[in-house]
Amino acid sequence: YQRRVRDDPPTRMARLLFYTLAVLALGMAANVPNPSVRLNNGVIMPVMAAGTWQYNTSAAEAATTAAFAAGFSHIDTAYGYCADGVSHECHNHSVQTGIGAALAASKLNRSEYFITTKVPGCGQNGVSLDNCGPDSLWHAQNNLNELKLEYVDLLLVHYPPAGGCGPDNCPMIREQWASLSSLVGTKTRALGVSNFCISCFECLLSGDEDTIVPAVNQVQYHVGMGADPEGLLSSCAANGVVVQAYSPLGTGSSELISGPLTTGIGALHNKSGVQVSLRWIAQHEAAVVVKSGSAAHLEADLDLFDWSLTAEDMVRLDNSTTPKGTPSFMCTF
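Everything numeric in this text was worked out from a predicted model, so none of it was measured.

Chemist: Teacher, can you tell me more about the state of the cysteines here?
Modeler: Each disulfide consists of a covalent bond between the sulfur atoms of two cysteine residues. Within this structure, the stated rule accounts for five disulfides. At a sulfur-sulfur separation of 2.0 Å, the disulfide partner of Cys122 is Cys132. Judged by the sign of its S-S torsion, about -80°, the bond between Cys122 and Cys132 is left-handed. One end of the pair, Cys122, is in the loop between strand S5 (114-119) and helix H4 (132-147); the other, Cys132, is in helix H4, and 10 residues separate them in sequence. Side by side, Cys122 and Cys132 carry an identical accessibility label, which is buried. Between Cys197 and Cys331 runs a disulfide, and the two sulfur atoms are separated by 2.2 Å.

Chemist: Help me understand the sheet that holds strand S10 (residues 287-290), please; the structure alone is not making it clear to me.
Modeler: Hydrogen bonding along the main chain pairs the strands of a sheet, whether they run parallel or antiparallel. Reading around the circumference, S3-S4-S5-S6-S7-S8-S9-S10 is the order of the eight strands in this closed barrel, with parallel pairing throughout. Averaged over neighbouring strand pairs, the angle between their axes works out to 25° when direction is ignored. In this fold H4 packs onto S5 and strand S6 (154-157), with an angle of close to 140° to the strand it touches most, S5.

Chemist: Just checking my understanding: could you explain the environment of Gln124 for this structure?
Modeler: Along the chain, Gln124 falls in the loop between S5 and H4. For Gln124, a relative accessible area of 17% puts it in the buried group. In this structure, the C-alpha to C-alpha distance between Gln124 and His158, residues 34 residues apart in sequence, is 9.6 Å. Aside from chain neighbours lying at most four places away, what touches Gln124 is His88, Tyr159, Pro161, Ala162 and Met330.

Chemist: Explain the pairing of strand S9 (residues 242-246) here, please?
Modeler: Consecutive residues of a regular strand have side chains that alternate between opposite faces of the sheet. Counting buried residues in S9 gives five out of five residues, a clear majority hidden from the surface. Residue alternation in S9 divides its side chains into two sets, Val242, Gln244 and Tyr246 and Val243 and Ala245, and both sets are buried. Relative to S9, strand S8 (residues 216-220) is paired through five bridges, and the arrangement is parallel. Residue Gln220 lies in a different strand from S9, and its bridge partner there is Tyr246. Taken together, S8, helix H7 (residues 232-238) and S9 constitute a β-α-β crossover, and its handedness is right-handed. With two bridges joining them, S9 and S10 adopt parallel strand pairing. When the bridges of S10 are listed, Ala245 appears paired with Val288.

Chemist: I would appreciate a short explanation of the pattern of salt bridges in the present structure.
Modeler: When the charged atoms of two side chains lie near each other, side chains of opposite charge can form a pair. For the structure shown, the criterion picks out four salt bridges. Residue Asp153 pairs with Arg110 through a salt bridge whose shortest N-O separation is 2.9 Å. Pair noted here: Asp153 is in the loop between H4 and S6 and Arg110 is in the loop between helix H3 (96-106) and S5, with a separation of 43 residues, a long-range link. According to the relative accessible area criterion, Arg110 is buried, its value standing at 18%. Note that Lys271 is salt-bridged to Asp303, the shortest N-O span being 2.8 Å. Residue Lys271 is located in the loop between helix H9 (260-269) and helix H10 (273-283), and its partner Asp303 is located in the loop between helix H11 (295-301) and helix H12 (311-318); the two are separated by 32 residues in the primary sequence. One network of salt bridges, with partners in common, ties together Arg110, Asp153 and Arg189.

Chemist: Honestly, the pairing of strand S3 (residues 48-51) in this entry has me stumped. Any pointers?
Modeler: Residues Met48 and Ala50 of S3 are buried on one face, and the alternating residues Ala49 and Gly51, pointing to the opposite face, are buried as well. As judged from the three bridges shared by S3 and S10, these two strands associate in the parallel manner. From the neighbouring strand, Ala50 faces S10, where its bridge partner is Val290. The sheet contact formed by S3 and strand S4 (residues 74-76) spans two bridges and is parallel. When the bridges of S4 are listed, Gly51 appears paired with Asp76. What joins S3 to S4 is helix H2 (residues 57-70), and the crossover it makes is right-handed.

Rules used in this analysis
Residues numbered from 1 in each chain as written. Predicted model: local features only at pLDDT ≥ 70, side-chain atom pairs only at ≥ 80, totals over all residues. Heavy atoms only, no water. Disulfide = S-S within 2.5 Å. Helix = DSSP H or I, 4+ residues; strand = E, 2+ residues; numbered from the N terminus. Buried < 20%, exposed > 50% of the residue type's maximum accessible area, 1.4 Å probe, protein only. Pairing = 2+ DSSP bridges. Axes fitted to C-alpha atoms, helices over the stretch in contact; angles between N-to-C directions. Contact = heavy atoms within 4.5 Å. Right-handed = clockwise from strand over helix to strand, strands pointing away. Salt bridge = Lys/Arg side-chain N within 4 Å of Asp/Glu carboxyl O.

In structure tokens form, the structure reads like this:
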């Protein structure tokens, strides 16, 4: 498993090759490519994931079924995605029960799909500050119970504690990570983080030399934030961490869907503004979580890998400053 000291960090060129040329290892029925990336522990992760945030249980079940029909094999969920689609504290009942039902109904072999889920950060959503490690293990098992799975493919710490990753919070961050590390190889195939800033990695990786390097950092990333917001993408690349983008079209704005920049560039490639926005992320070597209950929309979201944005397109998109966004809602730098 990938440890803190690395002798052969992946180069950016090699990472790009994985995204653009990788074999469809976990594809479903549709004739749409979904390339994969090799994580730092050797696990193969489909680049494109279908998300389930802000769905209720029945909508999450339907969206999972639609995702499989569209050609997705990677489903993203979390303990904190509550069954009613609204509340923050899920009281041990999340949309994962609906996803579990869809998985069972699909009749797919376990090796044919990839499941990412998350446990809350210390002091959040039922994970206490003073018992963070054991509470996190309980939440990880509860995820499996709801999904009706023996293991997940990727388990993420959803966010750092309130207040970020400074010296006051660093000990509990390390405690949580050490506890969850014990699940690798049994309850999860890979371990990662979400909403982690550079300071969080500095905390996590400055301790025990045998600390597992997170395989993935799932953060907000979209056109308007710049190519390397807060230097996070380059920092993750240097540590062999795959960045995965959530909210790839921004939040609370239709600018990246129907605005003149993305639709104008899209017209040059016979693609939509959404596809331009997603392709921009892919060309910056990040994986993507998209969300839709429509199989047709999801299939269009996968139509990214047999065409490219030009260097001029990328510069225009890199230089865009709207819609605004930050990688994490819990910390900066």
